[in-house]
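Coordinate inspection notes
Each chain is listed here by its residues.
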Number of protein chains: 2
Amino acid sequence: MPLVPRRMGIDTQQEFVVYMDRECVVCRSEGFDAQTRVLVHNGGHRILATLNVTDPGLLSPGEAGLSNSAWLALGIRASDHVHVTHAPTLDSMSDVRAKIYGHRLSAPALDAIVQDIAKGRYPDAHIAAFLAACAGGRMDRQETIDLTRAMVSAGQRLAWGRAPIADKHCVGGLPGNRTTPIVVAIVTAAGLTMPKTSSRAITSPAGTADVMETMTHVGLDVPAMRRVVEREGGCFVWGGALDLSPADDVMIRVERPLDIDSDAQLVASVLSKKIAAGSTHVVIDVPVGPTAKVRSDADYLALKALLEDVASACGLELRIVRTLGTQPVGRGIGPALEAHDVLAVLRGATHAPNDLRMRAVALAGHLLEFCGHSRAGEGHDRACQLLDTGAAWAKFQAICERQGGLREPAVADIRHPILAETTGLVHAIDSRRLSRVAKLAGAPADAVAGLEMHVKLGEHVERGAPLFTLHTETPGELAYAMDYLASHPLVTIGKPGADA
Amino acid sequence: MPLVPRRMGIDTQQEFVVYMDRECVVCRSEGFDAQTRVLVHNGGHRILATLNVTDPGLLSPGEAGLSNSAWLALGIRASDHVHVTHAPTLDSMSDVRAKIYGHRLSAPALDAIVQDIAKGRYPDAHIAAFLAACAGGRMDRQETIDLTRAMVSAGQRLAWGRAPIADKHCVGGLPGNRTTPIVVAIVTAAGLTMPKTSSRAITSPAGTADVMETMTHVGLDVPAMRRVVEREGGCFVWGGALDLSPADDVMIRVERPLDIDSDAQLVASVLSKKIAAGSTHVVIDVPVGPTAKVRSDADYLALKALLEDVASACGLELRIVRTLGTQPVGRGIGPALEAHDVLAVLRGATHAPNDLRMRAVALAGHLLEFCGHSRAGEGHDRACQLLDTGAAWAKFQAICERQGGLREPAVADIRHPILAETTGLVHAIDSRRLSRVAKLAGAPADAVAGLEMHVKLGEHVERGAPLFTLHTETPGELAYAMDYLASHPLVTIGKPGADA
């Protein structure tokens, strides 16, 4: 029973929705009701969608309305017809149930679950049940290895025909810690290969891809990416369209509002992306601090052991670098503001944030040693040299030119400073609130939005001096951020003499 | 920033959706994107909804489109305006996360979670995570008690000002086991009080409310229900609109597609409904068999112990009755078909299904003893007597008359017999497939749809004799059921002499 597809003009993001009239013969004969999961196919394109039933007048009974994402995924062209049938049974859900009941999952079971998730066959509630069942230390070492492998297998895997392929990752939770562009510039200036794929922001005010996008084009496909890497040894590409560990993107989308942290998911997420990207040598920056993702020594050691175990089983060389996670890094928080910091470090500007520079140099030094470019103990100095001579900056410009040109990031129209209400020492900066304020100001959707820090922990500030400046594009967003700040201060100042 | 509400004519069932234009000033100033969770309020009415963003032309930027359920829940009237803001943080999710990480939940934590679920504040993925975290034996006895109490507290609680208040429940999984109408008729004919609230089908082809609705009006509110009970001592009411343990309905809706079985959830679900309905003495029918919900001795004993423990802690008198769950009960499967069986038993018709009669009499006998009407050992005979003298039938008619009149259930236009392909003994009847076929035929939405069994386990059948008859209203549904039957036979027939 073919139906005429109609674009509804409704954005439901990754959730596919199909709209059908209550009196539609397919609804009636198949016994479909609102919220039924259905299979929609248009020739070779197939999606699982949720059915919304429409009142008379919105659609004719022979039409199938499609949400924007469903329309795109089905590749609808003029004169196409779609078919809507019952969604097939999800056999892999029996394995999810087994996990819920406390059983181990075999490699084939994890493969089947991850394939179904990657193909969009699981509604969010099923994914959430899987994530909840796996969290809380309920995945053992072998299951985490098998999950990682399953996530790699469910997508594309890049091969570079050479080694080493350098890569880095930061476990996150530290606003402004935008070392990646600098590390790539240094490492590729040394002649190593570092074809960097990055994500956009998930819960943070900016991802590396958002930051790089304020300076160059990051939406390269694999052939374009290969051309840049062939010439320059590195690239800055948004990985979201390359189908690298696609189940990871789906799980992260569901995990985010649930705010579940699970070492097994974290390790599988990080390592599957690196393996799929063809990396062989990976440095992982793990900031540890009270408002970072990893908050204690014990958590750090457990995560490190699992990362090393799983990487080793998957044939990935890994080096974990523990860093301080007590306060934001650099000055800017938000895509363009972080790009300004990155450029200042690369250009050796006198106002360049030193903490960002030191972190990037340390990580690049590890990679230079790790990949055999520098001898042990000499990587750090070599990284400094590549940065200070301008070699890294030249390489950064060359890569950006090959990706379509380098441009200066913009600056927001509205800049509103927040002033200290007392004189004293900066006792604490709340990273979580700071991310929230940057997002309320419009980041990352508005690339120039965010905030610019003017103080660091332990600094003395005078009453009336600026603590940070809000950057926004609209008065509404400024008001929203200010409202939040009224009850959620970011910076705690101690009275002079009261402490330290 | 007030917005003009507009009914979209889109049925999304219990999920509330609000539609807003991409350029709407509220979307822009609040930083809303598709799938953002938002709070929509219209005066005192507030709902949490998922945002769908529309392309230009569908809505004007000053409008807020509402799904049908959201429109109703907000009680929109002409000239009303709605406000859309960020959804408040769900503090109780930190307790769900604690459960996911393996911690016990306190009574206040369970109260907060259940309240939020009952009020529709959790999206499905959050509920699924909670259910998965609680399944697999991860709720201890005290948590199950506290969950039950929390579920009662989150809704209305009926009080009858007398005792005992009799009730019954079947743990389910046995198609056609429609004893409730008969038990209520017998028990109230004995002068006891049994104000029965029942649910509609969830995963099965019929719930007691669906069956009773083919004979009388079941959508009574509490005052109307009280008037019937005052006069007749009993009633047959759909409980879905009475706000009894409303979190249970929400959780069941999410649990159903996940197909998670959890003793804690089951016990809290069953007992919270009974306590909220004001019942004091409850008989629970637990069918045990290979395709019933409870499949083994060990499962039965574990469930029985937990039911008794939690009931006792909540001050509920409970008697568990283990019954045989090896094959469907009665002849009809589907609302009207089961109603015909119920009426045949009540009327003492010669063709009345004896298994249904025996089960109902046994349960009613337990209740008569348990509630002090009959002495121990005499309840069964008294129940038979009330049925055989026509007292139960008279009472059933009287109750239905007070609820708006008794009518004869209808019969489907299309009746298609399925014939035995070989001669032999009936070795097995698959209850799960049988439910599936009845639903494919249209039950419970089409009240007359379903199937009528002609054979029982162990019976001899001749090749060509009818095994069962499909009842449907449309050729499409008949075809759908036949398709399924072609690859999923319901009845297994052994060759003569090959067995038994």
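Being a predicted model, the structure only gives us computed values, none of them experimental. (Residues numbered from 1 in each chain as written. Chains lettered and ligands numbered in written order. Predicted model: local features only at pLDDT ≥ 70, side-chain atom pairs only at ≥ 80, totals over all residues. Heavy atoms only, no water.)

1. Some points on the nonpolar core
Inclusion rule: Definition used in this section: a nonpolar core is a set of buried Ala, Val, Leu, Ile, Met, Phe, Trp, Tyr and Cys residues joined via side-chain atoms within 4.5 Å. Under the scheme applied here, a residue whose accessible area is under 20% of the maximum for its type counts as buried, over 50% as exposed, and between as partly exposed, the area being computed with a 1.4 Å probe on protein chains only. Throughout, a residue-residue contact means that at least one pair of heavy atoms, one from each residue, lies within 4.5 Å.
The biggest cluster of nonpolar side chains holds 68 residues, and the ones touching the most others in it are Ile117 and Phe130 of chain A together with Ile117 and Phe130 of chain B. Setting aside anything within four residues of it in sequence, one finds Phe130 of chain A in contact with Val96, Leu105, Leu110, Ile113, Ile117, Met251 and Gln265 of chain A.

2. What about the side chain of Arg357 of chain A?
Residues and elements named next belong to chain A. Threshold: Every helix listed is a DSSP run of H or I at least four residues long, and every strand listed is a run of E at least two residues long, numbered separately from the N terminus. Nitrogen and oxygen atoms within 3.5 Å of one another constitute a polar contact, given that in protein one can donate a hydrogen and the other can accept it, and given that sequence-neighbouring residues count only through two side-chain atoms.
In this structure, Arg357 sits in helix H14 (residues 354-370). Among the polar contacts listed, one links the side chain of Arg357 to the side chain of Asp388, at a separation of 2.9 Å. Once you skip the residues sitting within four places of it in the chain, Arg357 turns out to touch Val345, Cys384, Leu387 and Asp388.

3. Here we look at helix H3 (residues 93-100) of chain B
Buried residues dominate H3 of chain B, accounting for 6 of its 8 residues. Buried residues along H3 of chain B sit against helix H5 (124-134) and helix H10 (246-258) of chain A together with helix H4 (107-118), helix H5 (124-134) and helix H6 (141-153) of chain B. Of the residues flanking the end of H3 of chain B, it is Gly102 of chain B, one or two places downstream, whose phi is positive at about 95 degrees.

4. Topic: the interface of chain B and chain A
In many reports, interface size means the accessible area that the parts give up when they come together. Our working definition: A pair is scored as a salt bridge if a Lys or Arg side-chain nitrogen falls within 4 Å of a carboxyl oxygen belonging to Asp or Glu. Put simply, Ala, Val, Leu, Ile, Met, Phe, Trp, Tyr, Cys and Pro go in the nonpolar bin, Asp, Glu, Lys and Arg in the charged bin, and everything else, Gly too, in the polar bin. Strands are treated as partners if at least two bridges between them are detected by DSSP.
Facing the 47 residues of chain B at the interface are 48 residues of chain A. Two residues, Asp11 of chain A and Arg22 of chain B, come together in a salt bridge whose shortest N-O distance is 3.7 Å. In this structure, the connection of chain B to chain A is made through 14 residue pairs in polar contact (both at pLDDT 80 or more). If you list the elements that add at least two residues to the side of chain B that touches chain A, you get strand S2 (10-11), helix H1 (25-30), strand S5 (45-54), H3, H5, helix H10 (246-258) and helix H18 (475-487) of chain B. For the side of chain B that touches chain A, the element with the highest residue contribution is H5 of chain B, accounting for 6 residues. Looking at the side of chain B that touches chain A residue by residue, the classes come out as 19 nonpolar, 13 polar and 15 charged. With 2 bridges connecting them, strand S2 (residues 10-11) of chain A and S5 of chain B associate as antiparallel partners.

5. With respect to the UniProt feature "domain: Pyrimidine nucleoside phosphorylase C-terminal" (unreviewed entry) in chain A
For the record, the criterion: UniProt positions are given in the numbering used here, feature names are shortened, and annotations may be inferred rather than shown by experiment.
Sites flagged by UniProt as "domain: Pyrimidine nucleoside phosphorylase C-terminal" (unreviewed entry) map to residues 425-492 of chain A. Secondary structure over residues 425-492 of chain A splits into 34% helix and 29% strand, and the C-alpha atoms at its two ends are 8 Å apart.

6. Thoughts on the pairing of strand S8 (residues 166-170) of chain A
Residues and elements named next belong to chain A. Counting buried positions along S8 yields 4 of 5 residues, so the element is predominantly enclosed. Here S8 pairs with strand S11 (residues 281-288) via 5 bridges, running parallel. Looking at S11, one finds that Asp167 is bridged to Val282.

7. Considerations on the sheet that holds S11 of chain A
All names here are of chain A. We apply this condition: Helix axes use the C-alpha atoms of the stretch in contact, all axes being lines fitted to C-alpha atoms, and the angles between their N-to-C directions lie in the range 0 to 180 degrees.
One open sheet holds the 3 strands; their spatial order is S8-S11-S12, and the pairing between them is parallel. Looking at the sheet topology across the chains shown, the edges are occupied by S8 and strand S12 (317-324). Recorded for the sheet is a direction-independent mean angle of 20 degrees between the axes of neighbouring strands.

8. Notes on helix H16 (residues 391-402) of chain A
Residues and elements named next belong to chain A. Spelled out, the test is: Expected span of a helix: the number of residues minus one, times 1.5 Å. Arc definition: directions from the helix axis to the C-beta atoms.
An ideal rise of 1.5 Å per residue puts 16 Å on 12 residues; H16 measures up with 17 Å between its terminal C-alpha atoms. If you check which residues of H16 are buried, you get Ala392, Trp393, Lys395, Phe396, Ile399 and Cys400. Down the axis of H16, the sector holding all buried residues measures 160 degrees, keeping them to one side. Elements in contact with the buried residues of H16: helix H7 (180-189), helix H8 (208-213), helix H9 (222-232), strand S10 (234-238), helix H13 (335-347) and helix H15 (379-388). Where H16 ends, the next residue or the one after it, Gly404, has phi of about 125 degrees, a positive value.

9. A few points about the relation of the copies chain B and chain A
The cut-off we apply is this: Least squares is used to superpose the copies, and the fit set is the C-alpha atoms of residues whose pLDDT is at least 70 in both copies.
The transformation that overlays chain B on chain A combines an axial shift of 0.0 Å with a rotation of 180 degrees, and the residual RMSD is 0.1 Å. On this basis, the relationship between the two copies can be described by a two-fold rotation axis. Nearest to the rotation axis, the C-alpha of Ala125 of chain B is located 2.0 Å from it, this being the minimum over chain B. Both copies share a contact surface, since 100% of the interface residues of chain B are interface residues in chain A too.

10. What to know about the environment of His86 of chain A
Residue and element names in this part refer to chain A. For His86, the location among the structural elements is in strand S7 (residues 83-86). A residue is classified by how much of its surface remains accessible, and His86, at 23% relative accessible area, is partly exposed. Through-space distance from the C-alpha of His86 to that of Arg436 is 42 Å; in sequence the pair is 350 residues apart.

11. Things to note about the sheet that holds strand S16 (residues 450-453) of chain B
Adjacent strands of a sheet pair through backbone hydrogen bonds, lying either parallel or antiparallel. All names here are of chain B. With antiparallel pairing, the 4 strands of this open sheet are ordered in space as S13-S16-S18-S14. Edge positions in the sheet fall to strand S13 (332-333) and strand S14 (414-419), since each of these pairs with one other strand and no more. Sheet analysis places S13 next to S16, joined by 2 bridges and oriented antiparallel. Bridged to Ile333 within S16 is Leu451. Together, S13, S16 and strand S18 (466-472) form the strand contacts of helix H17 (residues 431-440), whose direction differs from that of S16 by roughly 130 degrees.

12. Considering the packing of helix H4 (residues 107-118) of chain A against H10 of chain A
Packed helices, taken two at a time, are described by their axes: the angle between them and the distance between them. Residues and elements named next belong to chain A. Using the following cut-off: Oblique is the label for any angle not under 35 degrees, not over 145, and not in the 65 to 115 range, which are roughly parallel, roughly antiparallel and roughly perpendicular in turn.
At a closest axis distance of 8 Å, the pairing of H4 and H10 adopts a crossing angle of 75 degrees. Judged by the inter-axis angle, H4 sits roughly perpendicular to H10. Between H4, through Val114, Ile117 and Ala118, and H10, the contact on the second element is made entirely by Pro246, Ala247, Val250 and Met251. Residue classes in the contact of H4 with H10 are distributed as 7 nonpolar, no polar and no charged.

13. Observations concerning a negative patch on the surface
Under the convention used in this document: Surface patches are drawn from residues lacking salt bridges whose relative accessible area is over 30%; two like charges belong together within 9 Å, two nonpolar side chains (Val, Leu, Ile, Met, Phe, Trp, Tyr) within 5 Å. For every accessible area listed, the method is Shrake-Rupley and the probe measures 1.4 Å; residues are considered covered only by the protein chains on display. This count recognises Lys and Arg as positive and Asp and Glu as negative, with His and chain-terminal groups excluded. Taken as the charge centre is NZ of Lys, CZ of Arg, CG of Asp or CD of Glu, depending on the residue.
A cluster of acidic side chains, namely Asp259, Asp261, Asp263 and Asp299 of chain A, defines a negative patch on the protein surface. As for its position among the elements, Asp259 of chain A is in the loop between H10 and helix H11 (263-276).

14. Brief notes about the pattern of salt bridges
Enumeration over the complete set of coordinates arrives at 50 salt bridges over all chains. Where Arg319 of chain B meets Glu369 of chain B, a salt bridge forms, and the shortest distance between an N and an O atom there is 3.6 Å. Remark: Glu369 of chain B occurs in helix H14 (residues 354-370) and Arg319 of chain B occurs in strand S12 (residues 317-324); sequence separation between them is 50 residues. Judged by its relative accessible area of 26%, Arg319 of chain B falls in the partly exposed class. Within this structure, Asp11 of chain A together with Arg22 and Asp55 of chain B form a network of salt bridges that share partners.

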